[in-house]
Amino acid sequence: MRQVIGVDIGGTGIKGLVTDGAGTILAEAERETEARLGRDTILAQLHSLVEELLAGHPSVEALGIASAGRINANSGEVVYATGNLPGWQGVQLTQWAEAAFGRPAAADNDANAALLGEAWLGAGRGWQSLVMLTLGTGVGGANLAAGQLLRGAAWSGGDWGHSVLVPDGRPCNCGKRGCVEQYVSGRALLRLAREETGRAYAHGREIMEAAERGDAAVLGVLMRFTADLAQVTANIGAAIDPELIIIGGGVIQSRAVWWPLLAAKAGAELAGRIVPAALGNRAGCFGAARLALERLIRDADSSKENHNCCGKEEREYG
Ligand SMILES: [Zn+2]
């Protein structure tokens, strides 16, 4: 079975795995890297991680890369990246990887990759129409219709985190006000809890523990958080009407307390279609691996087409 590498470049580290067409994990590796250190550091760490995986699995045939930012999935260029990734905009990811490792490569946005991973091996397995939200430092999003990612005309399709939930609301680092990620990200939840209780929380888990103790202020925060999230899912339902809305990201780990609140606010019809992600922080790596497998299939198809074309010409002119 064909072996590929899937890599996921995140804000605080790079993860990678070797897998095959069945999604079996054959090896894994990780590098802790602050993305804010910029392009050269990220590429050096990425290089060292892939080299380590290739040393153990030299028969790997292709490489997929998931990264934050808007990625032109055809060319593999980072067409837009925020200041959180200095120098990242303009990097030719696919070209760089093919030159560095001598194998075909593919690249896509990390939320798109996470959804591809979940659709292949996780919560979305067997479904064709999916939306994914990842609630972490920010809010990532991706749409899949008829089994195909809706990447958009400018590679920003599925960017639900920067759709507006509250007109003239909180300022967002994208320059707009009231974006979804200012209300339903993990970071937003910590901030809301601090504002409402005057206490600093380091992790969503502490908020959930306070809620379980019956802390009224914290319960109020969770009511608002889930009401806002229910509104976002209702908007997604109206726009896309997907079979499932998959919710992933760090906030999912502490969902025991808030998920029932979300289900109650979303309403019976939609609540049945909102599901937690199943692959945890491996979703992006699996999605990237999937991109690599699809690249191999595309390459094989186009070489077959060329071959057929030549054969035809030979028959015509032979
Ligand atoms: Zn925004």
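One structure accompanies this document, and this report is about it. (Residues numbered from 1 in each chain as written. Predicted model: local features only at pLDDT ≥ 70, side-chain atom pairs only at ≥ 80, totals over all residues. Heavy atoms only, no water.)

1. Some details on the coordination of the zinc ion
Note on metal geometry: ideal angles are 109.5 degrees for four donors arranged tetrahedrally and 90 or 180 degrees for six donors arranged octahedrally. Here is the rule we go by: Sites may look incomplete, because water is not among the atoms used; the donor set itself consists of N, O and S atoms within 2.8 Å of the metal (3.2 Å for Na, K and Ca). The rule is simple: four donors are tetrahedral if all their angles sit between 85 and 135 degrees, four are square planar and six octahedral if opposite donors span more than 155 degrees and the others lie between 65 and 115, and anything that fits none of that is irregular. When accessible area is computed with a 1.4 Å probe and restricted to protein chains, residues below 20% of their type maximum are described as buried, those above 50% as exposed, and intermediate ones as partly exposed.
Here the zinc ion is held by the protein donor atoms His162 (ND1), Cys172 (SG), Cys174 (SG) and Cys179 (SG), which lie 2.0 to 2.3 Å from it. Angles of 105 to 119° at the metal separate the 4 donor atoms of the zinc ion, which places the site in the tetrahedral class. Between consecutive donor residues of the zinc ion, the sequence gaps follow H-x9-C-x1-C-x4-C. A relative accessible area of 34% places Cys174 in the partly exposed class.

2. Some thoughts on the layout of surface pockets
Inclusion rule: Using protein atoms alone on a 1 Å grid, points that fit a 1.4 Å probe yet trap it form a cavity, whereas open point sets bounded by protein on both sides within 12 Å along at least five of seven lines form a pocket; residues with an atom within 4 Å of a point count as lining. Grid points are joined across faces, edges and corners, and a volume is the space filled by probe spheres set on the points. Only runs of H or I of at least four residues qualify as helices and only runs of E of at least two qualify as strands under DSSP, and these elements are numbered from the N terminus.
Estimated volume of the second largest pocket: approximately 550 Å³. Along the walls of the second largest pocket sit 23 residues, with Leu116, Gln148, Arg151, Leu291 and Glu294 positioned nearest its centre. Mapped by element, the contributors of at least two residues to the lining of the second largest pocket are strand 7 (105-109), helix 3 (110-121), strand 10 (148-149) and helix 10 (283-317).

3. Quick notes on the nonpolar core
Inclusion rule: Each nonpolar core is a collection of buried residues, namely Ala, Val, Leu, Ile, Met, Phe, Trp, Tyr and Cys, held together in the definition by side-chain atoms within 4.5 Å. We call two residues contacting when some pair of their heavy atoms lies within 4.5 Å.
With 37 residues, the main nonpolar core has Leu135, Ile247 and Trp258 as its most contacted residues. For this core, the leading source of residues is helix 7 (residues 216-239), giving 8 residues. Aside from chain neighbours lying at most four places away, what touches Trp258 is Met208, Leu222, Phe225, Thr226, Leu229, Val251 and Ile252.

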